[in-house]
Structures are given as C-alpha cells and as structure tokens.
Amino acid sequence: MTSPMNPANIPTFDTAVPADSLELLALPQRLKVVLVMDLVESVRLMAANELAVVDHWRGFVRHATTQVLPQHQGRMVKSLGDGIMVEFDSPRNAANAAVQLHRYFDAANAALPPDQQLYLRAGLNTAQVYIDDIDIYGSGVNLAARVASLAGPGETMVTAEVRDGLTDGLDAKVEDMGECYLKHVAQPVRAYRVGEAGAFPMLTPSADYNTSFKPTIAIIPFTGAQGDPASATIGDLIADGVIAQLSRTAEFKVVSRLSSGALRGRNLALPQVEQLLGARYVMSGSFVSDGKNLLLNAELASAQTVDVVWSDQLRCPIADLLDPQSDLIRQIAAHVHAQVLRAEFSYTATRPLPTLESYSLLLGAITLMHRMSRRDFAQSQRMLDVLIARHPRSPTPRAWLAKWHSLAVAQSWTDDPAREATKSLDMVHSALDLEPNNSLALTIKGLIHGYVQKDFALAHETYASALTNNPSEPLAWIGTAMIHAWQGEGLQAVEAADRALLLSPLDPIKYYFDSLAAVAMLVGGKYGHAIELGQRSLRLNYGLLSTRKCILLAQALSADIEAARLSAAGLLKLEPDFTVASFKINSPLCRTPACSLYAGALAEAGIPLQ
C-alpha cells in the first residue's frame with residue numbers, strides 16, 4: 001500500500017510482499033565497490049585444453065585470495081570456475097586490485113601461443129548492496145557484470161560512481177568511454193576505462209569518436225606494365241573517374257588522388273595505408289592492355305580487418321575512360337558504393353552498439369529505417385539514440401531521428417500519430433538549434449510539413465531554404481517533386497525528380513528516390529518512365545505498397561490493362577482492404593484535379609469500389 005506518508009514507495013507489511021523479499025529487506029545494506037572479473041573466451045579455451053585452463057584458473061584464485069585481496073581489503077564473494085565476484089570498501093583499492101589480478105597470467109601467456117593465452121576482463125560499480133555471509137545482492141551487482149562486458153581482454157571498465165573515487169594519473173589512468181547502452185539496462189551508462197587499453201579494445205574513448213559520419217575511402221591508382229608512361233596515365237584516369245563518382249555521394253569521404261597517388265606501386269600493407277591516409281577502405285587494382293582494350297582486376301579491401309570486401313575482373317575499350325559517362329567507371333563506383341554500405345551494415349549487425357564507429361551506426365540506422373520491418377525500424381531508433389548521446393552537438397543524428405518519427409506516422413506504425421508528429425518536429429528543431437542552416441534538418445522539416453501535416457505551402461518554403469543552403473541536397477529535390485506532384489503540377493514535379501535522381505546515383509536508399517520519382521513521372525504523364533522507376537524500386541524493396549499502386553496506375557493509364565489487372569491482383573493479396581474509396585480518402589493524389597482519372601483507372605484494373 002502506498003500513501004502520502006510513504007513517498008519512497010517502500011513496501012510495508014500490509015502489502016502482499018513475498019516471504020523471501022521480506023527476508024531480503026532484513027539483510028544489512030552497505031555501500032560497496034563490486035568487482036566482476038571473468039576469463040575471456042573461457043568456453044573455447046576449456047574445449048581446447050580443459051585441464052590446463054582449470055589448473056591456471058585454480059592458481060589464479062589462490063593468488064587472488066591469499067595475496068591480492070588481503071593487500072587491498074577485498075572479500076571474495078564467489079568464484080564460478082571462470083569468473084569471480086569481489087567486494088571492496090574503496091574504489092582505489094578495487095581498481096588497484098584489478099590491475100594486479102590482470103597481471104597474473106602474464107608469465108603463463110609468454111610461453112603460450114596466441115590462441116591459447118588467457119586474459120581477464122573486469123567491471124567495477126559502486127552501489128548499495130544487500131549482504132549476507134555468502135553473497136551480495138542487488139541491481140548494482142548486475143550492473144558491474146554488464147559493465148565488464150564492455151571491457152576488451154586485459155581491460156577494466158568502471159561506472160561513473162567508481163570513477164568519482166579515483167584521481168586520474170595518480171590512482172590510475174582513466175579514459176572516458178562515453179554513454180554506453182547495456183543489455184537489460186534502461187538508461188545509458190557512462191563508462192570509463194581504468195588503466196591502459198588492451199590489444200583488442202571493445203570501445204573507443206568518447207573524445208576520439210569520429211565527428212564525421214562518413215567512412216573514408218582511398219582509391220590507389222591502378223598499376224599496369226612497369227615503366228610504361230601510358231600505363232600510369234590509364235591508372236590515373238581510372239582513379240580520377242572513380243574518385244569523381246564517389247565524391248558525389250553523401251555517405252563517404254574520399255581521399256584526394258594527390259594523397260592516394262603518392263602510394264602508387266609501394267606495396268604497403270593495408271594497416272599502413274590506413275595510418276597514412278586515415279582510410280577505412282582501400283580500392284586498388286591492376287590492368288593489362290593490348291593497345292585498344294583493357295582487362296582490369298579490381299579489389300576493395302577493409303584496412304582494419306584486411307579482408308577483401310569485393311573483387312572482380314572487368315573489360316572495356318581504352319576509349320571508354322575518356323567518356324564522361326564511362327561505363328567502366330560507373331560499374332566500379334557502383335560496386336564500391338554498394339559493397340562498402342553492405343560491409344558497414346553487416347558490421348552493425350555483428351557488433352554491440354557501444355562499440356560501433358559513428359559512421360557505421362548512422363549508415364546502419366538509415367538502412368534499417370527504410371526497410372519495411374517493424375523490428376528493423378525499432379533497431380534504427382536505438383542506433384540513432386546512441387549517436388545522439390555520443391554526439392550531443394551534432395545535428396545529423398537528430399535530423400534522421402526526426403525523419404524516423406515522421407516515417408512512423410507515414411507507415412501507420414504508431415498508435416498516436418499526433419504525438420509522433422510532435423516528436424518529429426521537436427527533434428528537427430533541436431537539430432536546427434545546433435545548426436540553423438543545416439540542409440538535411442531543413443529537408444526533414446519539409447518532409448514533416450508535407451507528408452505528415454499536409455501543409456504543402458510551408459513544405460515548399462522549407463525545401464527552398466534547404467536548397468538555398470545546399471543546392472545538391474537530393475532529399476530536398478525529391479521532396480519538392482512530391483509537393484508539385486500532390487498539387488497536380490506535373491512538369492515541375494518531373495523536373496525536380498530528374499534533378500534528385502541526378503544527384504543520388506549511388507544513394508543507399510536509391511529505391512526510395514525511385515519510388516517517389518515514379519509518382520512524379522505518373523503525374524507528369526510519363527507513364528513508361530514511372531513503370532520503369534517503380535519496378536526498379538521494388539527490386540530493392542519489395543514491400544512498398546505505394547510503389548505498387550503507382551505502377552498499377554501508370555499501366556492502366558498507358559492502356560496496358562492486362563498488366564494493370566495483374567498488378568491489381570498482386571496488390572490486393574498484400575492489401576486486401578484497398579479500395580477506390582480508400583484511395584480517394586488517403587492518397588495525396590486525390591487532392592489534384594486528376595483524382596477522378598486515377599480512381600477510374602483503379603476501377604478499370606479491378607480494384608473494388610468499396
């Protein structure tokens with residue numbers, strides 16, 4: 001029972017409290033520093049050599065209980081075969097004990113091969129805990145274990161409460177890891193690394209987080225026959241063309257050829273290239289020529305993992321390289337763009353959020369946001385929340401989170417559209433407070449006004465502001481195209497859509513641009529182009545129902561009734577409740593004078609009237 005006399009909401013004896021809970025409340029509570037330490041990859045190590053690992057671990061526990069813990073006033077609470085839990089009264093004693101315990105395996109590791117070496121990871125948290133003769137209890141104990149999961153081999157991670165009890169440089173070296181999201185912990189936890197980083201750290205210090213949200217790519221000039229001046233020229237042409245193509249995208253930073261060209265023919269290891277150029281990905285290759293044609297071997301590799309991300313053998317006439325629309329250059333750039341995005345997205349799927357680089361998080365969040373999956377959509381929001389906590393002064397993740405909320409409304413993935421629309425505007429305003437002329441934030445604001453609020457005049461004005469600040473913002477151009485389309489202005493819609501497509505040739509959400517551009521082409525009477533763009537969009541994102549409706553309308557209006565009826569049948573399988581009447585109510589196209597034309601086309605294709 002709660003009452004004004006019990007503001008802390010502590011259970012009283014007239015509530016239905018289980019007997020074991022009453023017993024726990026009777027235990028003494030103490031402020032303790034909890035150390036949780038475990039053996040990294042213990043399952044794998046035990047499977048390979050169980051007796052040796054058990055022997056090493058028993059020696060470690062004896063060392064801990066007879067030497068280290070008595071020296072630092074620590075009490076062993078439990079040992080579980082591959083982990084220990086210890087309590088201390090002092091953060092300083094706990095941190096120093098952890099450092100000494102890490103050193104125990106140094107001598108043994110010196111005689112072991114790398115895959116058999118033993119390392120510990122440790123987590124420390126200060127909290128009020130319940131204590132009895134054999135154990136300690138409470139959420140603070142669990143948090144120490146969660147924080148330990150952020151530590152790499154040989155590392156100790158601590159919470160802010162522990163860090164407050166340490167003097168950096170005197171008690172230990174302390175590095176701020178920033179806000180970290182932990183499993184089953186509702187709010188982000190500020191984590192710190194105590195001591196030196198291990199050989200394979202899980203986290204990057206928050207001060208070192210990349211303020212750019214773009215991975216960097218270096219294009220090394222391709223090499224041909226040794227000593228042939230023409231070969232050097234061809235290699236430069238290939239590099240220049242790919243650099244020019246990739247530089248037009250918003251997702252990457254591309255190293256200047258003046259820098260990457262200096263590494264031609266040096267045969268440097270990938271980690272050396274990363275160190276010299278700051279590049280996460282490296283594109284290189286070789287070619288042979290018969291004087292008229294080229295045979296290229298191209299390779300894209302990750303400088304961090306030293307893995308080949310993509311490789312291929314390509315052929316083309318030498319004359320193709322001199323064409324501004326070179327097919328070879330377009331192919332290479334498209335492959336590089338797609339494979340880097342795929343690699344970054346795969347990276348986000350295999351690493352815990354706190355350990356991800358910012359650009360991996362952002363690219364992953366954008367990709368997941370535009371998939372037709374509620375689960376992916378929710379994960380996208382979590383990624384953007386991490387980015388906002390990590391970069392509180394950056395408008396970029398806030399602008400994308402604003403779009404996330406607007407998409408929740410557009411896709412009917414919310415029980416309260418008004419609330420989501422408000423959240424979207426609040427987030428975009430917070431982005432613009434940080435950078436008033438940010439073109440992305442202004443563009444997202446235009447999307448909210450247009451898609452969510454249906455205020456086309458204000459949306460058009462906002463897009464114009466975005467394009468004043470960045471005339472090459474493709475999202476603003478495609479948004480402008482839609483405003484014209486929804487007002488029946490076909491010619492202007494087509495012109496703006498063409499501009500958007502020109503500026504987004506390799507965009508990670510290309511299907512999104514194609515889908516909206518198809519609507520612009522439909523309103524502009526370019527039915528064949530609308531069908532082509534719509535089908536291209538569906539190949540990349542099968543679930544877009546609005547794109548299917550656009551294709552159906554374009555087929556019917558171009559007098560291809562048989563194809564329109566097949567499209568209608570397929571659409572009704574995915575959206576059985578779709579009718580001409582619901583189209584008239586919900587579609588922005590029915591704000592135009594052509595509404596009756598579109599409605600008639602749907603009916604002729606076989607969509608039910610009611």
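Our structure is the block above this text.
Definitions and limits used
- Residues numbered from 1 in each chain as written.
- Predicted model: local features only at pLDDT ≥ 70, side-chain atom pairs only at ≥ 80, totals over all residues.
- Heavy atoms only, no water.
- Helix = DSSP H or I, 4+ residues; strand = E, 2+ residues; numbered from the N terminus.
- Contact = heavy atoms within 4.5 Å.
- Pairing = 2+ DSSP bridges.
- Disulfide = S-S within 2.5 Å.
- Expected span 1.5 Å × (residues − 1).
- Buried < 20%, exposed > 50% of the residue type's maximum accessible area, 1.4 Å probe, protein only.
- Axes fitted to C-alpha atoms, helices over the stretch in contact; angles between N-to-C directions.
- Parallel < 35°, antiparallel > 145°, perpendicular 65-115°, else oblique.
- Left-handed = near helix turned anticlockwise from the far one by under 90°.
- Salt bridge = Lys/Arg side-chain N within 4 Å of Asp/Glu carboxyl O.

Teacher, can you tell me more about the environment of glycine 524 here?
Within the fold, glycine 524 resides in the loop between helix H19 (510–523) and helix H20 (527–540). Between the alpha carbons of glycine 524 and alanine 485 there is a distance of 7.9 Å; along the sequence they are 39 residues apart. If sequence neighbours within four positions are ignored, glycine 524 has contacts with Gly490 and Val494.

Help me understand the sheet that holds strand S12 (residues 293–302) in this model?
Within a sheet, each strand pairs with its neighbour through backbone hydrogen bonds, oriented either parallel or antiparallel. On the basis of which strands lie adjacent, the open sheet formed by 5 strands has the order S10-S9-S11-S12-S13 and mixed pairing. Strand pairing shows two members of the sheet lacking a second neighbour, strand S10 (253–254) and strand S13 (308–317), which therefore form its edges.

Would you take a moment to explain the state of the cysteines for this structure?
Structurally, a disulfide amounts to a covalent bond that connects the sulfur atoms of two cysteines. Applying the stated criterion across every chain yields a total of 1 disulfide. Counting only cysteine sulfurs, cysteine 590 is the nearest neighbor of cysteine 550, a cysteine outside any disulfide, at a range of 14 Å.

Help me out: how do you make sense of helix H21 (residues 545–557) in this one?
In an α-helix, one turn spans 3.6 residues, which is why side chains three or four residues apart end up on the same side. Over its 13 residues, H21 runs 18 Å from end to end, which matches the ideal 18 Å to within 8%, given 1.5 Å per residue. Residues of H21 that are buried include every one of Thr547, Arg548, Lys549, Cys550, Ile551, Leu552, Leu553, Ala554, Gln555 and Ala556, and no others. Those residues of H21 hidden inside the fold are in contact with H19, H20, helix H22 (561–574), helix H23 (580–586) and helix H24 (595–605). Alanine 559 lies just past H21 and shows a positive phi near 70 degrees.

Sorry if this is basic, but what is going on with the pairing of strand S9 (residues 216–219) here?
Residues of S9 alternate between two faces, with Thr216 and Ala218 on one and Ile217 and Ile219 on the opposite face, all of them buried. Sheet topology note: the S9/strand S11 (residues 281–289) ladder contains 3 bridges and is parallel. Opposite alanine 218, over in S11, you have valine 282 as the bridge partner.

Could you clarify how one ought to interpret H19 in this entry?
With 14 residues, H19 should cover 20 Å at 1.5 Å per step; its first-to-last C-alpha distance of 20 Å lies within 8% of that length. Looking one or two residues beyond H19, the residue adopting positive phi is glycine 525, at roughly 80 degrees.

Hey, could you run me through the packing of helix H14 (residues 417–434) against helix H15 (residues 439–452) in this one?
Working note: a packed helix pair is described by the angle between its axes plus the distance between those axes. Taken N-terminus to C-terminus, the directions of H14 and H15 make an angle of 160 degrees; their axes are 9 Å apart at the nearest point. Judged by the inter-axis angle, H14 sits roughly antiparallel to H15. Crossing angle aside, the handedness with which H14 passes H15 is left-handed. Residues Ala421, Ser424, Leu425, Val428, His429, Ala431 and Leu432 of H14 lie in contact with H15, whose contacting residues are Ala441, Leu442, Ile444, Lys445, Ile448, His449 and Val452.

In this structure, what is going on with the pattern of salt bridges? I would like to understand it.
Oppositely charged side chains are able to pair whenever their charged atoms sit close together. The tally for this structure, following the rule as stated, stands at 14 salt bridges. Ionic pairing is found between arginine 419 and glutamate 420, a salt bridge with its closest N-O pair at 3.7 Å. Using a relative accessible area of 8% as the deciding quantity, one classes glutamate 420 as buried. The network of salt bridges with common partners includes Lys32, Arg75, Glu87 and Asp89.

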